[in-house]
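Residues per chain, in single letters:
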Amino acid sequence: MGSYVAQRGVQAAVLLLLVSLVGYSIMSLAPGGPLAVYLHNPHVTPEKIDLLRHQLGLDQPWYLRYASWLKGLVSGHWGYSYYTGRPVLDMIGERLPATFTLMLSALSLAIALSFPLGALAATHKYSWGDNLLSLGSFFVWAMPTFWFGLMLQMALAVRWHLLPVAGMHEIDNRSVGDLLRHLTMPAMVLGIGSIASWSRYLRSGMLEVLGQDYVRTAYAKGLPAYRVMLRHVLRNSLIPIVTIMGLDLHVLFSGAVITESIFAWPGMGRLFLAALNNRDYPVQMAGLMISAILLIVGNLMADLTYAALDPRIRYE
């Protein structure tokens, strides 16, 4: 197991290097740039623009800037924001707790709802409940996330006044209850796609396992239905959904960009969206690297979970 993890760690380092190289080159070679906003400002002279370009290091070739950025990344210095002039790590550190709170809430909500719904659909195949869940899943997949967020705000906040429209806290109110009220709608929006996807994968996996001989044998031996479902059906159906959950870890991070914008949630998603609009390269690269790291970590966790679910799997 240790050698396997070390091997995957080396592969992850090479993959992150390639992702950073491709991302930085595409970002640097794209039209415009951080100084494009000043080009049409009559109060900013060409001399000032040249001075800004030199101060930001944009007068150097992109590969030299990439080498400098990579050296700083390895040494723990992620550069300074072009827009605010602040260290990128400080800006991320201020918003990290809010984004992780939102991601963990959405992940918990997705696990709590997708597993019971998937099991219910599998054990009641082609019933009205199964058909209703299938229709709901397809509707969620076709539904734009921002539209669902706006509809929730319209119904739960504007019309019925059950939840706050946006933000993380009321003024002068930092209680846990107030946080949960503000967290409910963003977590629902961020987790709704995972609920639909994971429940369908679990339903498919359980239907396949329910037809196996060892399940029929377990029922024939008189084992209680809940033991058959938990020990034989559910456990052997989890490998496909564990794969999807590992891949969805970075999707939750990427989805937070839209969700945090809709609900004015003070997390990293809004920070990276502002960086995209302002062509703030250091902050953009930080967002890209965090998303890539989450994808790699999610896949590694899924691979390691396989061995726990299926004893026949060995990592040598």
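See the structure printed just above.
Since the structure is predicted, the reported quantities are computational estimates derived from the model, not experimental observations.

Considerations on the side chain of Ser194
Moving on, step 1. Within the element layout of this structure, Ser194 appears in helix α7 (residues 176-210).
Moving on, step 2. Given a relative accessible area of 7%, Ser194 falls into the buried group.
Moving on, step 3. Leave out the neighbours within four places in its chain, and Ser194 touches Ala110, Ser114, Ser199, Asp248 and Leu252.

Quick word on the packing of helix α1 (residues 2-29) against helix α12 (residues 281-309)
Moving on, step 1. Contact geometry of α1 with α12 gives a least axis separation of 10 Å together with a crossing angle of 150°. In terms of orientation, α1 and α12 fall into the roughly antiparallel class. Between α1 and α12 the crossing geometry is right-handed. Contacts between α1 and α12 involve Tyr4, Val5, Arg8, Ala12, Leu15, Leu16, Val19, Ser20, Gly23, Tyr24, Met27 and Ser28 from the former and Tyr281, Gln284, Met285, Leu288, Met289, Ala292, Ile293, Ile296, Asn299, Leu300, Asp303 and Leu304 from the latter.
Moving on, step 2. When its residues are assigned to classes, the contact of α1 with α12 shows 17 nonpolar, five polar and two charged.

Things to note about unusual backbone geometry
Generally, phi is negative for residues other than glycine and the peptide bonds are trans, each holding for most cases.
Moving on, step 1. If you check the backbone angles, Tyr126 has positive phi at about 65° while not being a glycine.
Moving on, step 2. At Ala264, a residue that is not glycine, the phi angle is positive and equals roughly 50°.
Moving on, step 3. Summarising the element assignment, Ala264 is placed in the loop between α10 (238-262) and α11 (268-278).

Looking at the environment of Asn277
Moving on, step 1. Counting through the fold element by element, Asn277 comes out in helix α11.
Moving on, step 2. For Asn277, a relative accessible area of 62% corresponds to the exposed category.

Quick notes on the packing of α1 against helix α3 (residues 62-74)
Moving on, step 1. Their axes nearest at 10 Å, the elements α1 and α3 cross at an angle of 135°. Accordingly, the angle class assigned to the pair α1 and α3 is oblique. Along this stretch, α1 crosses α3, giving a crossing that reads as right-handed. Side by side, α1 and α3 meet where Leu17, Ser20, Leu21, Tyr24, Ser25, Ser28 and Leu29 of the first sit next to Trp62, Arg65, Tyr66, Trp69 and Leu70 of the second.

Cut-offs used in this document
Residue positions are counted from 1 within each chain, in the order its sequence is given. Predicted model: local features are reported for residues with pLDDT of at least 70 only, side-chain atom pairs are reported and counted for 80 or more only, and whole-chain, interface and lining totals are derived from all residues. To get the side-chain values, all heavy atoms of the structure are used, and hydrogens and water are removed first. Where helices and strands are cited, they refer to DSSP runs of H or I of at least four residues and of E of at least two residues respectively, numbered from the N terminus. Exposure categories follow from relative accessible area, calculated using a 1.4 Å probe and restricted to protein chains: below 20% of the type maximum is buried, above 50% is exposed, and the middle band is partly exposed. When checking whether two residues touch, look at their non-hydrogen atoms; a contact exists if any pair is within 4.5 Å. To get an axis, a line is fitted to the C-alpha atoms, and for a helix only the part in contact is used. The angle between two axes follows their N-to-C directions and goes from 0 to 180 degrees. For classification purposes, angles smaller than 35 degrees are called roughly parallel, those larger than 145 roughly antiparallel, those between 65 and 115 roughly perpendicular, and all remaining angles oblique. Each crossing gets its hand from how the near helix is turned against the far one by less than a right angle, where anticlockwise is left-handed and clockwise is right-handed. Three classes are used, and their members are as follows: Ala, Val, Leu, Ile, Met, Phe, Trp, Tyr, Cys and Pro are nonpolar, Asp, Glu, Lys and Arg are charged, and the others, Gly among them, are polar.

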